[in-house]
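Listed below, chain by chain, are the residues.
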Amino acid sequence: DGMNVLFIVVDDLRPVLGCYGDKLVKSPNIDQLASQSIVFSNAYAQQAVCAPSRVSFLTGRRPDTTRLYDFYSYWRVHAGNYSTMPQYFKENGYVTLSVGKVFHPGVSSNYSDDYPYSWSIPPFHPSTEKYENEKTCRGKDGKLYANLVCPVDVTEMPSGTLPDIQSTEEAIRLLNVMKTSKQKFFLAVGYHKPHIPLRYPQEFLKLYPLENITLAPDPWVPEKLPSVAYNPWTDIRQRDDVEALNVSFPYGPLPDDFQRQIRQSYYAAVSYLDVQVGLLLNALDDVGLSNSTIVVFTADHGWSLGEHGEWAKYSNFDVATRVPLMFYVAGMTTSSVSHGERVFPYLDPLSHISGLVPQGRSKKVVELVSLFSTLAELAGLQVPPVCPKTSFHVALCTEGASIVRYFTGSEEKVEEEKDECDDTYRCFNEEPVAFSQYPRPADTPQWNSDKPKLKDIRIMGYSMRTIDYRCTVWVQFNPNNFSADFEDVHAGELYMVETDPNQDYNMYNNTSHGCFFKKILG
């Protein structure tokens, strides 16, 4: 009890990590963290876009309760005055600190990252963040562009640095401050990469020779994919290098060689991120706090790398909704460390060959909405109550049950116990399930299909992922009263995990029952 919390959240990181079985990526520091952690291999975000996902897991409420499906409302004003996870820690005597992108900046966190409710001091944002979308990528002609694929010479960048490097430096500075203050802390560190643009120090490219980079296993639009389910990756089309390719909207495939370059740069950006995580964890060792700090590592959602002919997030597929999720708790996920012993020595991905495997692994299907109650339980705080069916008026409750019960013992042992399923949202036939959702403005791909504003939403795709299948129903949605009509189903998708792990063969129409949604959400 009384453990500190280091909460690392990464933007747009799908589980392309050594500890998740990826053979190509070099991620030795995250793999080293995994080797001391419980790693969840089936963790899912509640909506595959930044602001809705972050507000959901930071409040412990689903998007239908935060009423945030876009970027343009603040939950305390438009939904309910919900307590957040950092706010709860702060109210329980913790110093709460935010570095980088934790809340999505802008109106959805009141232009203040929800300060002062959530944080003890104003959140830190790197000064070079403002150059993220500027023309800083040198083209073959020597001119500068705002490209998607953007390896750079850091010394040529504004201030000679990049935002994630600045965030790591600030987080390390705060760890040193907290070491001397002797107060419990909750430090959230939000990294930008591998969010687009794929802008990272160019030396990481050499880890991934282009000839080793393959296309996605299924780079075509599946034959039976309902058009409402497709996301037309509008944001990457607006980058100078993609725009120059003049690809047809909405399905036009990117040229194969450019697909490989995107995949290469995504991997390179992940290795650059790994360095930041490695330096941060190494600093936790340096200040002697590795034994008394819970470390959580996750992402706000995934990112499609050409699967189904799609790029970016904005869908209900596993590639967009599945995230890495691991928890390091000294004495629980690993034996306690003797004083002065290093848990997280820094490993350089440019030279280190990693062979570390996760300390523990759970295949249980879990959701990011469970983070709030899980961290409260791990820190020895009272776990917030489960929300009633409608909870707009309830300041403190969560819609995601704690997953600490999956931490200990072998999977088999947990299998035998019947999961306590008082809460239909969480379980179905006593198996845990994950719910995700995605709004669309129309049945066919539009310019605003990826990020429709609330007033333009006409259809909501509700998706349920179990260990065996993913089932999605696209239903009529009224943005004026936030209601979904499950009697008015526009399209459906059903993918069987065992026979179709990449979700290419939609079985929805082949099954009389479709899926079991009505029972759960009706």
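Residues numbered from 1 in each chain as written. Predicted model: local features only at pLDDT ≥ 70, side-chain atom pairs only at ≥ 80, totals over all residues. Heavy atoms only, no water.

1. A look at the domain arrangement of the protein chain
In plain terms, the rule: Domain delimitation in this document rests on an assignment produced automatically or drawn from a domain database. We call two residues contacting when some pair of their heavy atoms lies within 4.5 Å. The term buried area means the drop in 1.4 Å probe accessible area that two parts suffer when joined, counted for both and summed. Only one rule defines a salt bridge in this text: a Lys or Arg side-chain nitrogen within 4 Å of an Asp or Glu carboxyl oxygen. Side-chain atoms alone can form a polar contact between residues adjacent in sequence; in general such a contact is a pair of N or O atoms within 3.5 Å, and within protein one must be able to donate a hydrogen while the other accepts it. Helix and strand definitions here come from DSSP, where helices need a minimum of 4 consecutive H or I residues and strands a minimum of 2 consecutive E residues; each element is numbered from the N-terminal end. Only Asp, Glu, Lys and Arg are considered charged, only Ala, Val, Leu, Ile, Met, Phe, Trp, Tyr, Cys and Pro nonpolar, and every remaining residue, Gly among them, polar.
Under the domain assignment, the protein chain is made up of domain 1 (4-124 + 161-192 + 224-230 + 269-404) and domain 2 (432-521). Taking only C-alpha atoms, the centre of domain 1 and the centre of domain 2 are 26 Å apart. The interface of domain 1 with domain 2 comprises 34 residues on the first partner and 42 residues on the second. Carbon and sulfur atoms supply 55% of the area that domain 1 and domain 2 bury against each other, a total of about 3,100 Å² over both sides. For the domain 1 face of the interface with domain 2, the top three residues by lost area are V228, Y314 and N316, together amounting to 24%. Across the domain 1-domain 2 interface, the total number found is 2 salt bridges. Taking the shortest distance from any N to any O, the salt bridge between D318 and R465 comes out at 2.9 Å. Along the contact surface separating domain 1 from domain 2 lie 23 residue pairs in polar contact (both at pLDDT 80 or more). When residues of the side of domain 1 that touches domain 2 are traced back to their parent elements, those giving at least two are β2 (38-44), α3 (63-66), α10 (318-321) and β13 (360-367). Top contributing element to the side of domain 1 that touches domain 2 by residue count: β13, with 5 residues. Considered class by class, the residues forming the side of domain 1 that touches domain 2 number 17 nonpolar, 8 polar and 9 charged.

2. Some words on the state of the cysteines
Rules: Disulfides are defined as pairs of cysteine sulfur atoms found within 2.5 Å of each other. Residue exposure (1.4 Å probe, protein chains only): buried if accessible area is under 20% of the type maximum, exposed if over 50%, otherwise partly exposed.
According to the stated counting rule, one finds 2 disulfides in the structure shown. Two residues, C137 and C150, share a disulfide whose sulfurs are 2.2 Å apart. Taking the sign of the torsion about the S-S bond as the criterion, the disulfide between C137 and C150, at about -100 degrees, is left-handed. Taken together, the positions of C137 in strand β4 (residues 137-138) and C150 in strand β6 (residues 149-152) put the pair 13 residues apart, joining distant regions of the chain. The burial state of C137 is the same as that of C150; both residues are buried. Across the disulfide, C387 is cross-linked to C397 (sulfur-sulfur distance 2.0 Å). Where C387 bonds to C397 through sulfur, the torsion about that S-S bond is close to 95 degrees, and the disulfide is right-handed. With C387 in the loop between α11 (371-378) and α12 (411-416) and C397 in the loop between α11 and α12, this pair connects stretches of sequence that are 10 residues apart. Of the two residues, C387 and C397, neither departs from the other in class, the shared state being buried. No disulfide involves C50; its sulfur sits 18 Å from the nearest other cysteine sulfur, which is in C150.

3. A closer look at helix α9 (residues 256-286)
Convention followed: What a helix is expected to span follows from its residue count: subtract one and scale by 1.5 Å.
Look at α9: 45 Å from first C-alpha to last across 31 residues, which is about the 45 Å you get at 1.5 Å a residue. Of the residues trailing α9, G288 is marked for its positive phi of about 75 degrees.

4. Concerning the packing of aromatic side chains
Quick note on the threshold: Each Phe, Tyr or Trp ring (for Trp, its six-membered ring) is paired with any other whose centre lies within 6.5 Å, and the angle between the two planes then decides the class: stacked below 30 degrees, edge-to-face above 60, tilted in between.
Scanning the model with the defined rule gives 24 aromatic pairs in all. Seen from their ring centres, Y74 and W75 are 5.0 Å apart, and the 65 degrees between their planes marks the pair as edge-to-face. Each member of the pair, Y74 as well as W75, is classed as buried. Seen in terms of ring centroids, Y462 and F486 are 5.1 Å apart; in terms of plane orientation they differ by 40 degrees. Their pairing is tilted. Here F486 lies in strand β19 (residues 483-496) and Y462 lies in strand β17 (residues 459-465), a separation of 24 residues in the sequence.

5. A closer look at the pairing of β2
Here is the rule: The pairing criterion is simple: DSSP has to find at least two bridges between the two strands.
When you tally the buried positions in β2, you get 7 out of 7 residues, the bulk of the element. The sheet contact formed by β2 and β13 spans 6 bridges and is parallel. Looking at the pairing, A43 lines up with V366 of β13.

6. Notes on unusual backbone geometry
Here Y115 and P116 are connected by a cis peptide whose omega angle stands at 0 degrees. Looking along the chain, the bond that leaves F249 and enters P250 is cis, with omega of 0 degrees. Turning to its location among the elements, P250 is positioned in the loop between α8 (240-243) and α9. Despite not being glycine, D113 has its phi angle at roughly 55 degrees, a positive value. Mapped onto the secondary structure, D113 falls in the loop between β3 (95-100) and β4. Although it is not a glycine, D114 adopts a positive phi angle of roughly 60 degrees. Structurally, the position occupied by D114 is in the loop between β3 and β4.

7. Section: the sheet that holds β13
Stated precisely, the cut-off is as follows: Orientation is described by lines fitted to C-alpha atoms, with helices fitted over the stretch in contact, and by angles between N-to-C directions that extend from 0 to 180 degrees.
Reading across from one edge, β3-β7-β1-β9-β12-β2-β13 is the order of the 7 strands in this open sheet, with mixed pairing throughout. At either end of the open sheet lies a strand with only one pairing partner, and these are β3 and β13. With direction set aside, neighbouring strand axes in the sheet form an average angle of 15 degrees. Here strand β1 (residues 4-10) runs beside strand β7 (residues 185-191); their pairing, made up of 6 bridges, is parallel. Among the inter-strand pairings, V5 is bridged to a residue of β7, identified as F186. Sitting on the sheet, α9 touches β1, β7 and β9 (293-299), and the angle it makes with β1 is about 175 degrees.

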